[in-house]
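One letter stands for each residue in the lines below.
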Amino acid sequence: MRIVICDDHVLLTEAMVIAFADHGHDVVATGTAPHQAVELAREHRPDVCLLDVNFPDGSSLDVIDDTRSTGTRVVMMSAWTEHDTVLRALDAGAAGYVSKRQPMAEIVAALERAHAGEVGVDPALLRAGRTDADSDDPLWQLRFLTDREWEVMRCIMDGLTTAEMAHHLGVRGSTARTHVQNLLTKLGVHSRLKAAALMTSHASSESWPVHLRQATTRRPPPPVVGDAAAAGGVGAAP
C-alpha cells in the first residue's frame with residue numbers, strides 16, 4: 001500500500017513512516033499543511049492519504065473531496081475524536097477515521113480496510129458520541145448511512161442474494177459485498193439477518209429516505225435448499 005501522510009507534527013510523521021515500513025507499506029510523501037494533501041495526492045497517486053484533522057490554520061475537512069478526486073482514499077487522524085468531527089469527516093467522503101491514541105497496529109489495520117474499500121473506522125468512535133436520546137433510539141445509527149448504503153439496505157430487506165444485489169446496483173459482486181460490510185459496520189451488527197431484523201422491528205416508512213420509501217426490487221423465491229445462507233440471501237455473510 002502506498003501512503004501519503006499529512007500532519008504538522010513532524011516527529012510523529014517520521015515515526016509513522018518507520019512504523020508503516022515495518023508493516024510492509026510505503027510512505028511515498030509527507031506534508032505539513034492541508035493543501036499539500038491534495039498536491040501530493042495528485043503527484044504521487046497514493047492508495048491512501050492519512051490526513052490530520054487539525055492544523056494551526058484550521059481544519060482539513062474541506063480538502064477531503066479534492067484529495068478523493070485523485071482516486072486516493074482518505075483516512076482522517078486526530079488526537080481528539082469528537083463525535084461531530086467523525087461524522088463530518090465521513091459525510092465529506094473520508095474512508096476512515098483513527099485516533100492518534102490508538103496503537104499503531106490498529107491505525108495500519110484501518111488504512112488497510114480503507115484501501116480494501118471498507119470503512120476504516122472503529123464503530124466505537126461512532127457509538128462514543130451517543131446522546132441520552134440516541135441511547136433510547138435503536139435506529140440512531142441510520143443517520144450515518146450514505147445513499148448507496150440505503151440502497152443496499154433496501155436490497156437486504158427485499159432478500160436479494162449478493163449476485164442479485166450486484167446486478168440491481170450495477171456493480172461487481174465484490175463491490176456489493178463491500179457495500180454490505182460497510183452498512184453492517186455502521187449499524188453495529190454482524191449479519192444481514194440482524195440488519196433486517198433491526199429494520200423490521202423498529203423502522204417505519206418514515207425511517208427511509210423519501211426516494212426509497214416506495215422503491216421495491218424483485219423478491220426472489222425461497223431457496224430450494226431451505227438455507228438462506230447457502231443462497232447468499234439475508235442470512236448470508238457479507
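This one's a predicted model, so the numbers in the text were calculated from it and none came from an experiment.

**Considering the packing of helix 10 (residues 173-187) against helix 11 (residues 192-202)**
Okay, so step 1: Where helix 10 contacts helix 11, the axes come no closer than 10 Å and their chain directions differ by 55 degrees. Comparing their axes, helix 11 and helix 10 come out oblique. For the element pair helix 10 and helix 11, the recorded crossing hand is left-handed. Here V180, L184 and L187 of helix 10 lie close against helix 11, whose contacting residues are R192, A195 and L198.

**Quick notes on the packing of aromatic side chains**
Okay, so step 1: Tallying each qualifying case throughout the model produces one aromatic pair.
Okay, so step 2: On the basis of an interplanar angle of 50 degrees and a centroid distance of 5.3 Å, the ring pair of W150 and W208 is categorised as tilted. Residue W150 is found in helix 8 (residues 147-157), and its partner W208 is found in the segment after helix 11; the two are separated by 58 residues along the sequence.
Okay, so step 3: A relative accessible area of 8% means that W208 is categorised as buried.
Okay, so step 4: In this structure, R154 packs its charged tip against the face of W208, placed 4.0 Å from the ring centre.

**Topic: helix 9 (residues 162-169)**
Okay, so step 1: Considered for burial, the residues of helix 9 that qualify are T162, M165, A166 and L169. Down the axis of helix 9, the buried set is contained in an arc of 100 degrees. They therefore lie on one face. Every exposed residue of helix 9 that faces more than 90 degrees away from the buried side is listed here: A163 and H167.
Okay, so step 2: Close packing links the buried residues of helix 9 with helix 8, helix 10 and helix 11.
Okay, so step 3: Immediately downstream of helix 9, the backbone of G170 shows phi near 75 degrees, a positive value.

**Considerations on the sheet that holds strand 1 (residues 2-6)**
Okay, so step 1: Across the sheet, six strands lie side by side as 2-1-3-6-7-8; this open sheet has parallel pairing. Each end of this open sheet is capped by a strand with a single partner; those strands are strand 2 (26-31) and strand 8 (120-121).
Okay, so step 2: Where strand 3 (residues 48-52) meets strand 6 (residues 73-78), five bridges bridge the pair, whose relative direction is parallel. Pairing of D52 across the sheet is with M77, part of strand 6.
Okay, so step 3: Lying on the sheet, helix 2 (residues 34-44) is in contact with strand 1, strand 2 and strand 3; it crosses strand 2 at an angle near 140 degrees.

**What about unusual backbone geometry?**
Okay, so step 1: Of note, R45 is a non-glycine position whose phi angle comes to about 50 degrees, a positive value.
Okay, so step 2: Its location among the elements puts R45 in the loop between helix 2 and strand 3.

**A short note on the confidence of the model for the protein**
Keep in mind that low pLDDT regions are not for reading the predicted coordinates in detail.
Okay, so step 1: Averaged over all residues, the pLDDT of the protein is 82; the fraction at 70 or higher stands at 82%.
Okay, so step 2: A low-confidence stretch, residues 215-231 stays under pLDDT 50, and its non-local contacts, those more than four residues away or across chains, total 23 contacts.

Reading the values: the criteria
Residues numbered from 1 in each chain as written. Predicted model: local features only at pLDDT ≥ 70, side-chain atom pairs only at ≥ 80, totals over all residues. Heavy atoms only, no water. Axes fitted to C-alpha atoms, helices over the stretch in contact; angles between N-to-C directions. Helix = DSSP H or I, 4+ residues; strand = E, 2+ residues; numbered from the N terminus. Parallel < 35°, antiparallel > 145°, perpendicular 65-115°, else oblique. Left-handed = near helix turned anticlockwise from the far one by under 90°. Contact = heavy atoms within 4.5 Å. Phe/Tyr/Trp six-rings, centres within 6.5 Å; stacked < 30°, edge-to-face > 60°. Buried < 20%, exposed > 50% of the residue type's maximum accessible area, 1.4 Å probe, protein only. Lys NZ or Arg CZ within 6 Å of the ring centre and 35° of its normal. Arc of directions from axis to C-beta. Pairing = 2+ DSSP bridges. pLDDT = per-residue confidence, 0-100.

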